[in-house]
Amino acid sequence: VPAIRKRLKQNKSVFTGELHSRLGVRSSAGTAMTDAWIEVGSLGVPYGLNVEKGSPPHTPDSARIHEYVRKKMGKSGDEADNLAYAIETTIRSQGTRPHPYIAPVWSTNRSAFYADTVRRMKANLALPRS
């Protein structure tokens, strides 16, 4: 998760508020190996997949675009309004480009993550059950 958060922050074109703060990992192991799963992402953040993979043309949230322009780009007044309008128009006509933040980190750290998950599962399975 720290490496994914770092990757997300490095991408200056992404507004990282909820996406960054809600980033987490969940996992579970059932009675069979096929019941095991790992979920990485930002729970409750509907646009996370659109950041990772891009999105088709759609109507964006104008308030969020204006907030992004003010906070991340440091613009105000007419300049902020014009820039926000340009971003909104581009999203409406072209969609958004992908800004992968999970897949590259996963590719780099997959073996270490698996090893850590196996270690934690073995430790958990060794605990006495009540």
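This report concerns the structure included in the present document.

Definitions and cut-offs
- Residues numbered from 1 in each chain as written.
- Predicted model: local features only at pLDDT ≥ 70, side-chain atom pairs only at ≥ 80, totals over all residues.
- Heavy atoms only, no water.
- Helix = DSSP H or I, 4+ residues; strand = E, 2+ residues; numbered from the N terminus.
- Buried < 20%, exposed > 50% of the residue type's maximum accessible area, 1.4 Å probe, protein only.
- Contact = heavy atoms within 4.5 Å.
- Areas by Shrake-Rupley, 256 points an atom, 1.4 Å probe, with all protein chains shown as cover.
- Patch = residues over 30% accessible without salt bridge, like charges linked within 9 Å, V, L, I, M, F, W, Y side chains within 5 Å.
- Salt bridge = Lys/Arg side-chain N within 4 Å of Asp/Glu carboxyl O.
- Core = buried A, V, L, I, M, F, W, Y, C linked by side-chain atoms within 4.5 Å.
- Axes fitted to C-alpha atoms, helices over the stretch in contact; angles between N-to-C directions.
- Left-handed = near helix turned anticlockwise from the far one by under 90°.
- Nonpolar A, V, L, I, M, F, W, Y, C, P; charged D, E, K, R; others polar.

1. Description of the overall build of the protein chain
- Counting its regular elements, the protein chain contains six helices and two strands.
- Overall, the protein chain shows an N-to-C arrangement of helices and strands of α-α-β-β-α-α-α-α.
- Out of the 130 residues in the protein chain, the part that is buried amounts to 24%.
- Put simply, 59% of the contacts in the protein chain that link residues at least 6 apart link residues at least 24 apart.
- For the protein chain, the exposed area adds up to about 9000 Å²; of that, 55% sits on carbon and sulfur atoms.

2. With respect to a nonpolar patch on the surface
- Nonpolar side chains collect at one region of the surface, where Val1, Val25, Ile38 and Tyr114 lie side by side and expose about 290 Å² of accessible area between them.
- Relative to the helices and strands, Tyr114 is located in helix α6 (residues 103-126).
- The exposure class of Tyr114 is partly exposed, given its relative accessible area of 43%.

3. Observations regarding the nonpolar core
- Counting residues in hydrophobic clusters, the biggest one holds nine residues: Ile4, Leu8, Leu19, Leu23, Val45, Val51, Tyr101, Ile102 and Val105.
- In contact with Leu23, not counting residues within four places along its chain, are Val1, Ile4, Arg5, Gly41, Ser42 and Tyr101.
- Tyr68, Val69, Ala80 and Ala84 belong to the second-largest nonpolar core, a separate cluster that totals six residues.

4. Overview of the packing of helix α1 (residues 2-10) against α6
- Closest axis-to-axis distance for the α1/α6 pair is 9 Å, and the angle between their directions is 145 degrees. Where α1 crosses over α6, the two elements pack in a sense that is right-handed. Along the contact surface, α1 presents Ala3, Ile4 and Arg7, while α6 presents Pro104, Val105 and Asn109.
- For the contact of α1 with α6, a count of residues per class yields four nonpolar, one polar and one charged.

Read these as layout, nothing more, since geometry by itself doesn't imply function.
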